[in-house]
Amino acid sequence: MPTQVNPATGEEGDTFPALNDDQIEVKLAKSVETFRQWRNTDYQTRTDLLIKIADQFAAQRTTLAAIVTKEMGKPVKQALTEMDKCEKAFRFYAENGPAMLAPTEQKLVSGRSVSHWLPYGPVLAVMPWNYPFWQVVRFMAPTIMAGNVGLLKHASSTPGCAAALEQIVLDAGGPEGLFQNLHISSSKVAGIIADDRIVAVTITGSEFAGQKVAEAAGFNLKKVVLELGGSDPFIVMPSADIEKAATTAVTARLQNAGQSCVCGKRMIVHEDVYDAFMEIFAEGVKTIKIGDPTDEITEMGPLSSEGARDEIAEQLEQAVQQGATKLYGGEIPDKPGAWMTPAILTDIPDDAPIAREEFFGPVAMVFKVKDLDEAIEVANNIPFGLGSSAWTNDESEKERFIRDIEAGMTAINQMLASDPYAPFGGIKRSGHGRELGSHGLHEFMNLKNVMLP
Ligand code: NDP
């Protein structure tokens, strides 16, 4: 029975009753019934709906952003930006989807073959609370374009966002059953993956949840996309614009109170520019405007829950026990809610386990390195491989970063952020598969090859 808890105040809101087995069965049956019709729609019907959903995001942006702020504490300005990004994703697939689904022809030794992108079926999405609309939309928009139907198991802490996501498709005139929200606990997920009517599953979340979902998908021989954690390097070399790099590093680390999978979590700075970088970076971290997330000027609100905040505080304590220096922050004020000041860790010993962990909150780990090779070595010395950001104006260094950083994404002289136009995803323990761009659209489709004389 998910109940809303406002992380800024600790106050409880509405309760959303969990579905029982009979209600889940009704939703599964509905998804198959709708798929049988939706799979036969033409591209114009699908793109028309995508545009109408985009229009709904534009019309409802303030109301939707307020739910985000209330349920997970995102500053309202950032929540509004999230709604605009959702709108952009629907327009992107409406404009570009049909071309991405064009058949391709191959000449064979004898005859030819034509490959067609066909719909796949009902797909389950297990999603997190940190970008409670955007994470879902990057699955939802391509699902609709592909001719599939979607079922959503959203995070327990964002039930209002989950309900609004189902409703927005109906508000736009989409058919019932095209995108259904399942208010269920995570213990029901494996059973749904096993159901013959579900053809595939995608999850964005922790390694643990990813393992559980992948295990169920593997056992049932179903395709899975995993978007899991990361501890992205943010590398600064001497030829970079240090002021710009250091100012951007503050945003890269503290956006969404540090709760983004592609936050720059480990600042890896060349020794020649370390002091100059730290002067600006530390000042930026200390002066970030922390406050009421409903206030337009707030840059950092509370963490998503008191439990999440306590986990970060515990990790911070472990870091210090393992020999790291806490340069600043990590204070927990004596007031209700999931509040914490951002923190900076330096001098982290090479063998400290914490150096290889993810801080899913506002804690920056800073590493000083002597050259390019050491920067790449530190960058890669983690189990994850999601994103990365490298700051240099030296062309040969750029090439090395692109070639040698073990990650699914590298941003040069900018902060890494997802974009509807570009593929998004990781390697190593950050998962596999891609979202967004044409790759995200093709993940859950049947590439039917037709042999012709
Ligand atoms: P969780 O993995 O606990 O939650 C994510 C989703 O998985 C929720 O819907 C949750 O449901 C569900 N879930 C949890 N356990 C299971 C299970 N055993 N079986 C099936 N589903 C399950 O993540 P957190 O809430 O801790 O979110 C933060 C984590 O997610 C971080 O590690 C972060 O890096 C990662 N993340 C990755 C992103 C990416 O794009 N790669 C983006 C955002 C976050 P319920 O809430 O009911 O438990």
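Model, not experiment: these values are computed from the prediction.

## Some thoughts on the site of the ligand
Here is step 1 of the chain: Close to the ligand lie 29 residues; Trp-129, Ser-156, Ser-206, Leu-228 and Glu-358 are nearest.
Here is step 2 of the chain: One of the backbone nitrogen or oxygen atoms of Leu-228 is found 2.4 Å away from a nitrogen atom of the ligand.
Here is step 3 of the chain: Take Glu-358: an N or O atom from its side chain is 2.7 Å from an oxygen atom of the ligand.
Here is step 4 of the chain: Calculation on the ligand without its partners gives an accessible area of 890 Å², and the protein chains cover 83% of this total.
Here is step 5 of the chain: In this structure the site holding the ligand corresponds to the largest pocket.

## Details of the environment of Asn-130
Here is step 1 of the chain: With respect to the secondary-structure elements, Asn-130 resides in the loop between β5 (122-126) and α5 (134-146).
Here is step 2 of the chain: Considered as a pair, Asn-130 and Ser-260 are 130 residues apart in the sequence and their alpha carbons are 6.7 Å apart.
Here is step 3 of the chain: Apart from the residues within four sequence positions on either side, Asn-130 is in contact with Met-72, Lys-74, Gln-135, Asn-256, Gln-259, Ser-260, Cys-261 and Phe-360.
Here is step 4 of the chain: Looking at Asn-130, its side chain comes within polar contact range of the main-chain oxygen of Gln-259, at 3.1 Å.

## Quick word on the packing of helix α12 (residues 372-380) against helix α13 (residues 395-404)
Here is step 1 of the chain: Contact geometry for α12 and α13: axes closest at 11 Å, N-to-C directions at 25°. By the criterion of interaxial angle, the relationship of α12 to α13 is roughly parallel. Relative to α13, α12 is oriented so that their crossing is right-handed. In this structure, α12 uses Leu-372, Asp-373, Ile-376 and Asn-380 to contact α13, whose residues at the interface are Glu-397, Arg-400, Phe-401 and Asp-404.
Here is step 2 of the chain: Across the contact of α12 with α13, the residue classes tally to 3 nonpolar, 1 polar and 4 charged.

Thresholds, definitions, all that
Residues numbered from 1 in each chain as written. Predicted model: local features only at pLDDT ≥ 70, side-chain atom pairs only at ≥ 80, totals over all residues. Heavy atoms only, no water. Near = heavy atom within 4 Å. Polar contact = N/O pair within 3.5 Å; in protein donor to acceptor, adjacent residues only side chain to side chain. Areas by Shrake-Rupley, 256 points an atom, 1.4 Å probe, with all protein chains shown as cover. 1 Å grid on protein atoms, 1.4 Å probe; cavity = no way out; pocket = protein on both sides within 12 Å on 5 of 7 lines; lining within 4 Å. Sits in = over half its atoms within 2 Å of the grid points. Helix = DSSP H or I, 4+ residues; strand = E, 2+ residues; numbered from the N terminus. Contact = heavy atoms within 4.5 Å. Axes fitted to C-alpha atoms, helices over the stretch in contact; angles between N-to-C directions. Parallel < 35°, antiparallel > 145°, perpendicular 65-115°, else oblique. Left-handed = near helix turned anticlockwise from the far one by under 90°. Nonpolar A, V, L, I, M, F, W, Y, C, P; charged D, E, K, R; others polar.

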